[in-house]
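Letter by letter, the chains look like this.
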4 protein chains.
Amino acid sequence: MLSSEIEIDIRFSETDAMGVVWHGNYLKFFEDGREAFGKEYGLEYLTIFDKGYFTPIVKSEIEHKAPVYYGQKIRVITQYLPAKSAKVLFSYEVINITTGQICAIGSTMQVFLDKNTRELELLTPDFYRDWKLKHLS
Amino acid sequence: MLSSEIEIDIRFSETDAMGVVWHGNYLKFFEDGREAFGKEYGLEYLTIFDKGYFTPIVKSEIEHKAPVYYGQKIRVITQYLPAKSAKVLFSYEVINITTGQICAIGSTMQVFLDKNTRELELLTPDFYRDWKLKHLS
Amino acid sequence: MLSSEIEIDIRFSETDAMGVVWHGNYLKFFEDGREAFGKEYGLEYLTIFDKGYFTPIVKSEIEHKAPVYYGQKIRVITQYLPAKSAKVLFSYEVINITTGQICAIGSTMQVFLDKNTRELELLTPDFYRDWKLKHLS
Amino acid sequence: MLSSEIEIDIRFSETDAMGVVWHGNYLKFFEDGREAFGKEYGLEYLTIFDKGYFTPIVKSEIEHKAPVYYGQKIRVITQYLPAKSAKVLFSYEVINITTGQICAIGSTMQVFLDKNTRELELLTPDFYRDWKLKHLS
C-alpha cells in the first residue's frame with residue numbers, strides 16, 4: 001500500500017471560538033497530505049497539470065474523532081487507494097501527535113479534467129496509467 | 001420537512017488557482033446554511049450554547065457536481081433530517097444561481113458536548129427534545 | 001466622496017480561539033466592501049478584468065479598535081480615495097452593528113497589471129480614466 | 001536584533017483565481033513567523049496565555065512586492081522590534097525561495113489584554129519585562 005506522512009503545526013487562525021481546530025480545516029490538512037504524497041511518488045498537482053489535467057475534488061468525507069487544540073501538532077497519513085476508473089482516491093488518518101489520539105479520518109475522490117476544455121476525462125490518462133504501472137505493480 | 005434557504009455571493013478569496021471556488025469552502029457555505037436554518041427555527045449555535053452545549057461537527061460529506069466561478073452567486077438549501085439519537089443531522093444542496101445547476105450536495109452530523117466538561121451527551125438534551133416536539137410533530 | 005456600505009454576518013469559521021473574529025479576516029471584509037463598491041459604481045473585479053487588467057492589492061493596513069464576537073453583525077463602509085497615479089485606493093471603516101462601536105479601520109492600494117503579461121501598468125488605463133471622469137467630476 | 005526564520009510551502013487553498021497567493025494569507029504567514037519566533041525565544045502565544053494575557057493584533061501592515069505561485073516555497077523572517085510601552089512589535093520579510101525575490105514586507109503591533117477581564121493592560125506585564133531584560137540587554 002502506498003502511503004505518505006506529514007506533520008503539521010496547528011495555526012492559531014485555524015482554531016475557532018470553541019478553542020479547537022475548525023472542522024473545515026481538515027480539508028486543508030488532507031490537501032497537505034496529498035501534496036506530501038505527490039512529492040514522494042511524483043504525482044504532484046503541478047506534475048498532473050503539466051500533463052494536461054486538473055484533478056478537482058469531486059467527493060470528500062471527514063469523520064472527527066477527537067478535538068485538536070492550538071499548540072498541538074498533527075500527523076496526516078495519506079494512503080493511496082487503487083481504482084480501476086479514471087479517478088484518484090485517497091484515505092487519510094489524522095493523528096494528534098500531542099495526545100496520541102486519532103482525531104480524524106477521511107477520504108477524497110478526484111477526477112481528471114482537460115485543463116483547456118475543462119471537460120471530464122472518462123478514460124485513464126496515459127501518464128496516470130504509466131504511474132500506476134510503475135508504483136502499484 | 002424543515003428547510004431553509006440562503007443566498008451567498010462568492011468571495012474572491014474563496015477561489016483557487018483553478019479559478020473556481022476551492023472545494024473546502026463548501027463547508028463554510030454549509031455553516032452559513034445551518035445558521036440560516038437556526039435563525040429561522042430557533043436553533044442557532046448561540047441558543048444551543050446558552051442551553052449548555054457545544055454541537056461540533058463529527059461527520060461531513062460533500063459531493064461536487066459542477067464548479068462555481070468568482071462573480072457567481074449560490075443558494076444553499078439546508079434541510080433538517082430527523083434522528084432518534086442525540087444528534088443533529090442536516091443535508092445541503094448548493095445551487096449555482098447564475099447557471100441554475102446543482103453544484104454540490106452534502107451532509108453533516110453534529111453531537112452535543114457539555115460546554116463545561118466537553119463530555120459527549122448521550123441522551124437528547126431537554127431543550128432539543130422540546131424543540132423537536134414543537135417543530136416536527 | 002464616493003462610498004458604499006455592506007452588512008456582513010460573522011461566520012463561526014471566522015472566529016479564533018480567543019472567541020473573536022481572527023484579525024486576518026478583516027481583509028476578507030475589506031474585499032467584500034470593495035466588491036459592494038464595485039457593484040454600486042461599475043468597478044467590479046470582473047469588469048476590470050474584461051478591460052484587460054488584474055488589480056492586485058499591493059498594500060494594506062488594518063487598525064483594530066474593538067473585538068467582534070460570533071453572532072454579531074458588522075457594517076463595512078468603503079470609501080474611494082482619489083489618486084493621480086495608476087492606482088486604486090480605498091479606506092474602510094468596520095462598525096460592529098450589535099454594539100455600535102467602530103471595530104476596525106483600514107486601507108488598501110491596488111495597481112493595474114496587464115492580465116496577459118502580468119506587467120505593471122504605469123499609466124492610468126483608458127477605461128479607468130473614463131470611470132474617474134464620470135464619477136469624480 | 002532578535003529574529004527568527006521559518007520556511008513554508010504554499011497550500012493550493014491559499015491561491016486565488018489570479019493563480020497567486022491571496023493577499024490576506026500573508027497575515028497567516030506572519031502568524032507562523034511570530035510563532036516560530038515565540039518557540040525560539042520563549043514567547044509563544046500559549047506561554048503568554050499562561051501568564052494571564054491575550055495579545056491580540058491591533059495593527060498590521062503588508063506591502064506586496066512580487067507574487068507567489070502555487071508550488072513555490074517562502075521564507076518568513078520575523079524580527080522583534082523593541083518598544084518601551086506595553087506592546088509587542090514585529091516586522092516581517094517574506095522571501096520567495098523559488099525565485100529569490102522579496103515578495104512581501106510587513107509589521108504587526110500587539111497589546112496585552114487581561115485574559116479574564118479582557119481589559120487593556122497599560123503597564124508592561126512583569127513576565128514580559130523579565131523576558132525583555134533577558135533577551136534584549
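What counts and what doesn't
- Residues numbered from 1 in each chain as written.
- Chains lettered and ligands numbered in written order.
- Predicted model: local features only at pLDDT ≥ 70, side-chain atom pairs only at ≥ 80, totals over all residues.
- Heavy atoms only, no water.
- UniProt positions renumbered as here; feature names shortened; annotations may be inferred.
- Least-squares fit on C-alpha atoms with pLDDT ≥ 70 in both.
- Contact = heavy atoms within 4.5 Å.
- Helix = DSSP H or I, 4+ residues; strand = E, 2+ residues; numbered from the N terminus.
- Buried < 20%, exposed > 50% of the residue type's maximum accessible area, 1.4 Å probe, protein only.
- Arc of directions from axis to C-beta.
- Pairing = 2+ DSSP bridges.
- Axes fitted to C-alpha atoms, helices over the stretch in contact; angles between N-to-C directions.
- Salt bridge = Lys/Arg side-chain N within 4 Å of Asp/Glu carboxyl O.
- Buried area = accessible area lost by both parts, 1.4 Å probe.
- Polar contact = N/O pair within 3.5 Å; in protein donor to acceptor, adjacent residues only side chain to side chain.
- Nonpolar A, V, L, I, M, F, W, Y, C, P; charged D, E, K, R; others polar.
- Core = buried A, V, L, I, M, F, W, Y, C linked by side-chain atoms within 4.5 Å.
- Phe/Tyr/Trp six-rings, centres within 6.5 Å; stacked < 30°, edge-to-face > 60°.
- Lys NZ or Arg CZ within 6 Å of the ring centre and 35° of its normal.

As recorded by an unreviewed UniProt entry, chain A carries the name Acyl-CoA thioester hydrolase and is attributed to Dyadobacter jejuensis. Taken directly from UniProt, the Sequence similarities (unreviewed entry) text for chain A runs: "Belongs to the 4-hydroxybenzoyl-CoA thioesterase family."

J.: Now, about the relation of the copies chain A and chain B: what can you tell me, with residues and values included?
T.: Superposition of chain A onto chain B requires a rotation of 180 degrees combined with a translation of 0.0 Å along the rotation axis, giving an RMSD of 0.0 Å. The transformation relating the two chain copies, once decomposed into turn and shift, fits a two-fold axis. When each C-alpha of chain A is compared by its distance to the rotation axis, A:Glu61 comes out closest, at 2.2 Å. Here 100% of the interface residues in chain A have copies in chain B that are interface residues too; the copies meet face to matching face.

J.: Would you mind going over the relation of the copies chain B and chain D in detail, with residue names and values included?
T.: Screw-axis analysis of chain B against chain D gives a translation of 0.0 Å along the axis, an RMSD of 0.0 Å, and a rotation angle of 180 degrees. Looking at the interface residues of chain B, 100% of them are also at the interface in chain D, so both copies use one shared face.

J.: Can you lay out the environment of D:Lys59 for me, pointing to particular residues and giving the numbers?
T.: In this structure, D:Lys59 sits in strand β3 (residues 57–64). Residue D:Lys59 is classed as partly exposed on the basis of its relative accessible area, which comes to 31%. When neighbours within four sequence positions are excluded, D:Lys59 is seen to be in contact with C:Ile62, C:Glu63, C:His64, D:Ser107, D:Thr108 and D:Met109.

J.: So what's going on with helix α3 (residues 126–136) of chain B? Residues and values would help.
T.: All names here are of chain B. Taken residue by residue, α3 has Phe-127, Tyr-128, Trp-131 and Lys-132 as its buried positions. Viewed end-on, α3 has its buried residues packed into an arc of 140 degrees, placing them on one side of the element. In α3, the exposed positions that point more than 90 degrees away from the buried face belong to Asp-126, Leu-133 and Lys-134. Those residues of α3 hidden inside the fold are in contact with α1 (26–41), α2 (45–50), β2 (53–54), β4 (73–81) and β5 (87–96).

J.: Describe in detail the sheet that holds β5(B), supporting the description with residues and values.
T.: Strand-to-strand pairing in sheets goes through backbone hydrogen bonds, with the strands running parallel or antiparallel. Ordered by their spatial adjacency, 10 strands build an open sheet running β1(A)-β4(A)-β5(A)-β6(A)-β3(A)-β3(B)-β6(B)-β5(B)-β4(B)-β1(B), and the pairing between neighbours is antiparallel. At either end of the open sheet lies a strand with only one pairing partner, and these are β1 (3–9) of chain A together with β1 (3–9) of chain B. Neighbour to neighbour, the strand axes of the sheet diverge by 15 degrees on average, direction disregarded. Of the pairings in the sheet, the one linking strand β5 (residues 87–96) of chain A to strand β6 (residues 102–111) of chain A comprises nine bridges and is antiparallel in character. Its bridge partner lying in β6(A), A:Glu93 is registered against A:Ile105.

J.: How would you summarise the pattern of salt bridges if you had to cite specific residues and measurements?
T.: The full count for this structure, using the stated rule, is 36 salt bridges over all chains. When the shortest N-O distance is used, the salt bridge between A:Arg34 and A:Glu31 registers 3.6 Å. With a gap of three residues between them, A:Arg34 and A:Glu31 both fall in helix α1 (residues 26–41), about one helical turn apart. For A:Glu31, a relative accessible area of 6% puts it in the buried group. The salt bridge involving C:Asp9 is made with B:Lys39; its shortest N-O contact spans 3.5 Å. Highlighted residues: C:Asp9 in strand β1 (residues 3–9) and B:Lys39 in helix α1, drawn from two different chains. Assessed through its relative accessible area of 39%, C:Asp9 is described here as partly exposed. On the accessibility criterion, B:Lys39 (51% relative accessible area) is exposed.

J.: Hey, could you go over the interface of chain A and chain B for me, with residue numbers and the actual values?
T.: Across the contact, 22 residues belong to chain A and 22 residues belong to chain B. With both chains or domains summed, chain A and chain B bury close to 2100 Å², and 59% of this area falls on carbon and sulfur atoms. Across the chain A-chain B interface, the total number found is zero salt bridges. The interface formed by chain A and chain B includes eight residue pairs in polar contact (both at pLDDT 80 or more). Elements that contribute at least two residues to the side of chain A that touches chain B include exactly α1 and β3 (57–64) of chain A. Taken together, the residues of the side of chain A that touches chain B break down into 11 nonpolar, four polar and seven charged. As defined by bridge partners, β3(A) adjoins strand β3 (residues 57–64) of chain B across five bridges and the pair is classed as antiparallel. For A:Glu61, the partnering residue across the bridge sits in β3(B) and is B:Glu61.

J.: Hey, could you go over the nonpolar core for me, with residue numbers and the actual values?
T.: Counting residues in hydrophobic clusters, the biggest one holds 154 residues, and the most contacted among them are A:Ile74, B:Ile74, C:Ile74 and D:Ile74. What D:Ile74 contacts, discounting residues up to four positions off in sequence, is D:Ile6, D:Glu7, D:Ile8, D:Ile10, D:Phe29, D:Val68, D:Val94, D:Ile95, D:Asn96, D:Ile97 and D:Cys103.

J.: Quick one: what's the story with the side chain of B:Asp32, residue by residue and with numbers?
T.: For B:Asp32, the position within the fold is in helix α1. The exposure class assigned to B:Asp32 is buried, which follows from its relative accessible area of 14%. Here B:Asp32 is in contact with B:Ile6, B:Ile8 and C:Arg11, once residues within four sequence places are set aside.

J.: Run through the pairing of strand β6 (residues 102–111) of chain D, naming residues and quoting values.
T.: The pairing of β3(D) with β6(D) spans seven bridges and is antiparallel. Residue pairing for β6(D): D:Glu63 is matched across the bridge by D:Ile105.

J.: Report on the environment of C:Ile10, specifying residues and quantitative values.
T.: All names here are of chain C. Of note, Ile-10 is situated in the loop between β1 and α1 (26–41). On the accessibility criterion, Ile-10 (7% relative accessible area) is buried. In sequence terms Ile-10 and Tyr-128 are 118 residues apart; their C-alpha atoms lie 33 Å from each other.

J.: Please give an account of the packing of aromatic side chains that cites residues and values.
T.: Taken as a whole and assessed by the stated rule, the structure comprises 76 aromatic pairs over all chains. Ring plane angle 10 degrees and centroid distance 6.0 Å describe the contact between A:Phe37 and A:Tyr80, whose orientation is recorded as stacked. Residue A:Phe37 is located in helix α1, and its partner A:Tyr80 is located in strand β4 (residues 73–81); the two are separated by 43 residues in the primary sequence. Taken individually, A:Phe37 and A:Tyr80 each receive the classification buried, so the pair is uniform in this respect. Here the aromatic residues A:Phe30, A:Phe37, A:Tyr41, A:Tyr53, A:Tyr80, A:Phe90, A:Tyr92, A:Phe112, A:Phe127, A:Tyr128 and A:Trp131 are joined through ring pairs into a cluster of three or more. In this structure, B:Lys115 packs its charged tip against the face of B:Phe49, placed 4.1 Å from the ring centre.

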